[in-house]
Structures are given as structure tokens and as C-alpha cells.
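Letter by letter, the chains look like this.
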Amino acid sequence: MRPLALFLGALSACATTPTPVAAWLPAVCRDGGRFEPEHCAAVLLSDIWGDPGPLAQDEQLAAYVTQVGRRVAAQARAPDHDFRFHILETDQLKAQARLGDNIDVSTAMLAQLDSEAELAFILAHEVGHIVSGHTHLDYNDRSANWSTGREDISPERLGDRERLADELGLLFAAKASYASDAAKAFFLRADQAAQIAGTKRPAYYPPTPVRVARLERLAAEHAGGQAYAERYRRAT
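Counting of residues starts from 1 at the beginning of each chain's written sequence and follows it residue by residue. Where local features are concerned, this predicted model is filtered to residues with pLDDT of at least 70; where side-chain atom pairs are given and counted, the filter is 80 or more; whole-chain, interface and lining totals use all residues. Heavy atoms throughout the structure, all of them, feed into the side-chain values; hydrogens and water do not.

Secondary structure elements follow DSSP: runs of H or I no shorter than four residues count as helices, runs of E no shorter than two count as strands, and numbering proceeds from the N terminus. Counting its secondary structure elements, the protein chain contains 11 helices and five strands. Residue burial is assigned from relative accessible area. The probe radius is 1.4 Å, only protein chains are included, and a residue is buried under 20% of its type maximum, exposed over 50%, and partly exposed in between. Within the protein chain, the proportion of its 236 residues that are buried is 39%. About 12900 Å² of surface is accessible on the protein chain, with carbon and sulfur atoms providing 53% of the total. Reported accessibility uses the Shrake-Rupley method at a 1.4 Å probe radius. Residues are deemed covered only where the shown protein chains occlude them.

This is how it looks when you write it as C-alpha cells:
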């Protein structure tokens, strides 16, 4: 029997026979004491592994993103990780790290970047999340809230993770010989675009001026590197 079938079978048993396991299931799986096994399975599996959505079909672009991603990931000196880079076909500005060493960047995000160095920083930022264990910590945080359906992860805790990923991202990209000021350029332009669009940024994100000031200080310690702007335009 396939794992998903086994999982559905176990949930079906919970639907008909109350057990201590039922109390562990997320609140979304319970409705007035009734269980919806197939819906619950989809929720749990999506929460564990993440559902990135449709992938872009441009193989040449995917190969380019993977090449840049592997270049910065090599600076993490993390042989136990097998990083995989994906391009999401969506108009949402998105870059994220998921369980299984998966890193996603959206086509909309790629369209907003000005150089390969900016792409390198974004991918290196997500590598920083993974090597710091943030993807597992995020999963553990969500798991702790499954039984209540609450989303009460501390904004301070999430903010600390973002700050660390920023620092590691800049460091990994700089060590891969990318321009260290690319991170600042990206955040300033992204902040301006968000203000124009009226997009509300997550509350746990460090304020952009504070974020940029910290990255400027770090970039000064790793000055140099190349932006590869023309190469980025040709590739994308």
C-alpha cells in the first residue's frame, strides 16, 4: 500500500474511533467532532513538505538558476545538504526555503532583479535559512500549533531568523565573488515597489532601513565582487 493510502487509512480510523491521536490532529481536520480524512491528509502533507505550486517550464532558465544557486551553496560548506533550486510560475514575488533542501524563486521575482549578484544573494539567503535549521524550526513551530489551530509563532523569533539569513546570504554570495552591495540594492528597490503597490510586508521582517544599514556594514567587510548584470539579462 502506498504511504498516502496508509496515511488516509489511519485518518479514517480516527474518524470512526476516537483515539489519543485524534487530539493531536490539526484543528482544521476537526469540524464539530467530525473528521475529514482526505482533506486532513492534504493539509498535513502540504504543511510538512510545502506546496510550491506550478513550476516554470523553461529548462534553460532553470539550469541557470541552479548554477547560480550551487555556486553560492558551495560556500556554505554543508556537504550533508543536497540543495535543489526551483522556479515557480507565478506573478507573486516569492523566494522561499522548504524542507528537503528545496529553494524556490518565482518568475515574478526574477523579473524584478537587476543582476546575477542579486539573484545570488536571494538564493544564498534561502541557503542560510536551511543550513541554520530554520526550515525544521518553522515546521516544529507549526506542529506545536496544530492541535489548537493557532498561529502564534513569535515575530521576534522569526525576525531573528531573517537577520541571520541576511548575514549568511551576503557572506555566501560575497565568498562566491558576487558584488556585496547587491543585497542593499535589492532591498531598497523591493521596498520601493512594495510601497508603490501598497503591499503590506510581514510584520516580522526587520524594517528596511535597519536591514540595509546592517547589510552595508557587513558588505564593507567583504567589498568587491562582480554584479554580472549583463549576463543576468541574457540569461533571463
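In this analysis, axes come from line fits to C-alpha atoms, helices being fitted only over the stretch in contact, and the angle between any two N-to-C directions falls in the range 0 to 180 degrees. As a packed pair, helix α8 (residues 155-175) and helix α10 (residues 208-221) sit with axes 10 Å apart at the nearest point and diverge in direction by 30°. Relative to α10, α8 is oriented roughly parallel. The handedness of the crossing between α8 and α10 is right-handed. Of the residues in α10, those touching α8 at Glu162, Arg163, Asp166, Glu167 and Leu170 are Arg211, Arg214, Leu215, Leu218 and Ala219. In this classification, Asp, Glu, Lys and Arg are treated as charged, Ala, Val, Leu, Ile, Met, Phe, Trp, Tyr, Cys and Pro as nonpolar, and every other residue, Gly included, as polar. Across the contact of α8 with α10, the residue classes tally to four nonpolar, no polar and six charged. Angular relationships are summarised with four words: roughly parallel below 35 degrees, roughly antiparallel beyond 145, roughly perpendicular across 65 to 115, and oblique for the angles in between. In this scheme, a crossing is called left-handed if the near helix is turned counterclockwise away from the far one by less than a right angle; it is called right-handed if the turn is clockwise. Should any heavy atoms of two residues lie within 4.5 Å, those residues are counted as being in contact.

Okay, the nonpolar core next. If you look at soluble globular proteins, the nonpolar side chains tend to sit buried side by side. With 42 residues, the main nonpolar core has Leu110, Leu119 and Leu123 as its most contacted residues. For this core, the elements supplying multiple residues, two or more each, are α4 (59-73), β3 (84-88), β5 (102-106), α5 (107-112), α6 (116-131), α8, α9 (182-197) and α10. For this core, the leading source of residues is α6, giving nine residues. Sequence-distant contacts of Leu110, that is, excluding residues within four places in its chain, are made with Leu61, Val65, Ile87, Val105, Leu119 and Tyr232. For the purposes of this section, nonpolar cores are sets of buried Ala, Val, Leu, Ile, Met, Phe, Trp, Tyr and Cys residues that join through side-chain atoms within 4.5 Å.

Structurally, the position occupied by Arg231 is in helix α11 (residues 229-235). Placed 115 residues apart in sequence, Arg231 and Glu116 show a C-alpha to C-alpha distance of 7.1 Å. Residue contacts for Arg231: discarding those within four places in its chain leaves Tyr64, Arg71 and Glu116. Here Glu116 takes part through its side chain, which lies 2.8 Å from a polar atom of the side chain of Arg231. Think of a polar contact as two N or O atoms within 3.5 Å of one another; within protein, one of them needs to be a possible hydrogen donor and the other a possible acceptor, and neighboring residues in sequence only count if both atoms come from side chains.

What follows deals with the environment of Gln60. Mapped onto the elements, Gln60 comes out in helix α4. Expressed as a C-alpha distance, the spacing of Gln60 and Ala235, which sit 175 residues apart in the sequence, is 8.2 Å.

Bringing the environment of His81 into the picture now. Structurally, the position occupied by His81 is in the loop between α4 and β3. Taking the C-alpha atoms as reference points, His81 and Asn102, 21 residues apart in sequence, are found 9.9 Å from one another. In contact with His81, not counting residues within four places along its chain, are Asp101, Ile130 and Val131. Of the polar contacts made by the side chain of His81, one reaches the side chain of Asp101; its length is 2.9 Å.

So, on to the pairing of strand β4 (residues 95-98). Criterion used throughout: strands pair if DSSP finds at least two bridges between them. By the bridge criterion, four bridges tie β4 to β5 in an arrangement that is antiparallel. Within the sheet, the bridge partner assigned to Gln96 lies in β5 and is Asp104. The turn linking β4 back onto β5 is made up of three residues, and Gly100 within it adopts a positive phi angle of 85°.

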